[in-house]
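This is what each chain is made of:
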Amino acid sequence: MSSCGSGCGGCKDSSCADNKYYKLNRLSKVKKIYAIISGKGGVGKSSTTALLASAIARLGYNVAILDGDITGPSMTKVFGISDKAVSNGEVTMPAITKSGIQVISTNMLLDDDETPVVWRAPLITGLIKQFYEEVYWNDVDYMFVDMPPGTGDVTLTVLQSLPVDGVIIVTSPQELVSMVVGKSINMVNMLNVPIVGIIENMSYVECDCCQNKIYVFGESHVNQVAEKYNLKVLAQLPMNNKLASQSDLGNIEDVQLDLIDNIVKNELQ
């Protein structure tokens, strides 16, 4: 129990001796933190993170992305970042995208983007701590943490050691993913972190000619999963070839999706 008498859940007062969270450096300020997680890889979690960050940046907020996928980082690729991390002697400076999003990612520490990060868990979670505490986060309204898939060390570290305001779960239509996402939901609930809702990615393909929806991966189970855990379905995103091509070119900020804009306006503001 905090000495203030109100408990520590969600408290961001770094001066409080009872605060269990990592402490920002004296120059940094972060108001809200959202973690983007998935039960398995390949469901579009990183692109969803980038789209959410870009959408809220368009509304005039100061936005940051902490790329928590230490061994499989992708934020530098989708935002076209080639800068390496530099320090001014006190803090490490994040890269700034063309729309002003502050980004830190493992690739900014490597000489070559294709160099593998072959680290054990203590080093990986230690870098999460450094990214949060030692980077200059300049008056951030919204920070998004792109997590690695699964329920491992990084997910546990972020949810226990950062003052996360909410979790967004990304999934895809397959039955297997619906089963796996339940593990992520149960983990988040065990740690008493609020869940904003579920985004189903790659839900369908829309025909350019007739606008019929083609369910490539079969019938969606996201509504049943959401009902089971009393969660909200935030969106069912179609496959989008423009998103894929623009991500490869480092221009994900140029992709604007109404479904993502609606999530930002209705759930995150």
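Residues numbered from 1 in each chain as written. Predicted model: local features only at pLDDT ≥ 70, side-chain atom pairs only at ≥ 80, totals over all residues. Heavy atoms only, no water.

Engineer: What exactly am I supposed to notice about the overall build of the protein here?
Structural biologist: Looking only at helices and strands, the protein features eight helices and 12 strands. Taken over the C-alpha trace, the protein has a radius of gyration of 18 Å; the compact-globule value for 269 residues is 18 Å, and the two agree within 12%. Principal axes of the C-alpha set define a box for the protein whose edges measure 60 × 45 × 40 Å. Buried positions account for 50% of the 269 residues belonging to the protein. In the protein, of all internal contacts separated by at least 6 residues, the share reaching a separation of at least 24 is 76%. Averaging the positions of the 21 positive and the 29 negative side-chain charges in the protein gives two centres separated by 4 Å. (Helix = DSSP H or I, 4+ residues; strand = E, 2+ residues; numbered from the N terminus. Rg over C-alpha atoms; globule rule 2.2 N^0.38 Å. Buried < 20%, exposed > 50% of the residue type's maximum accessible area, 1.4 Å probe, protein only. Contact = heavy atoms within 4.5 Å. Lys, Arg positive; Asp, Glu negative; His and termini not counted. Charge placed at Lys NZ, Arg CZ, Asp CG, Glu CD.)

Engineer: What exactly am I supposed to notice about unusual backbone geometry here?
Structural biologist: It is generally the case that most residues other than glycine have a negative phi and that most peptide bonds are trans. With a phi angle near 50°, Asp 139 is a residue other than glycine that sits in the positive phi range. Along the chain, Asp 139 turns up in the loop between α3 (121-134) and β7 (140-146). Residue classification places Asp 139 among the partly exposed residues on the basis of a relative accessible area of 33%.

Engineer: When you look at the packing of aromatic side chains in this model, what are you seeing that I'm missing?
Structural biologist: A ring pair, where both rings are aromatic, is described by two values, the distance of the centres and the angle of the planes. Taken as a whole and assessed by the stated rule, the structure comprises four aromatic pairs. Centre to centre, the rings of Tyr 34 and Tyr 142 are 6.3 Å apart; their planes meet at 15°, and the pair counts as stacked. Pair noted here: Tyr 34 is in strand β1 (residues 30-37) and Tyr 142 is in strand β7, with a separation of 108 residues, a long-range link. Given a relative accessible area of 6%, Tyr 34 falls into the buried group. Residue Tyr 142 is classed as buried on the basis of its relative accessible area, which comes to 4%. Chaining the aromatic ring pairs together yields one cluster made of Tyr 34, Tyr 61, Tyr 142 and Phe 144. Note that Lys 213 overlies the ring of Tyr 204, its terminal NZ or CZ placed 4.6 Å from the centroid. (Phe/Tyr/Trp six-rings, centres within 6.5 Å; stacked < 30°, edge-to-face > 60°. Lys NZ or Arg CZ within 6 Å of the ring centre and 35° of its normal.)

Engineer: For this particular structure, what's the right way to read the pairing of β1?
Structural biologist: Along any regular strand, the residues point their side chains to alternate faces of the sheet. Where burial is concerned, most of β1 is hidden: six out of the eight residues are buried. Pairing analysis gives six bridges linking β1 to β7, with the strands arranged parallel. Opposite Val 30, over in β7, you have Val 140 as the bridge partner. Direction of pairing for β1 relative to strand β8 (residues 166-171): parallel, over a ladder of four bridges. Bridge assignment links Ile 36 to a residue of β8, and that residue is Ile 168. (Pairing = 2+ DSSP bridges.)

Engineer: How should I be thinking about the nonpolar core in this particular structure?
Structural biologist: Buried together is how nonpolar side chains tend to be arranged in soluble globular proteins. Ranked by size, the top nonpolar core spans 77 residues in total, and within it Met 143 and Phe 144 carry the most contacts. Examining the composition of this core, we find that seven residues originate from one element, helix α1 (residues 45-58), more than from any other. (Core = buried A, V, L, I, M, F, W, Y, C linked by side-chain atoms within 4.5 Å.)

Engineer: Sorry, what's going on with the environment of Gln 160 here?
Structural biologist: With respect to the helices, strands and loops of the structure, Gln 160 is situated in helix α4 (residues 153-161). Residue Gln 160 is classed as partly exposed on the basis of its relative accessible area of 39%. Distance in space between the C-alpha atoms of Gln 160 and Pro 116 is 27 Å, their sequence separation being 44 residues. Excluding residues within four positions of it along the chain, Gln 160 makes contact with Lys 20, Tyr 21 and Leu 191.

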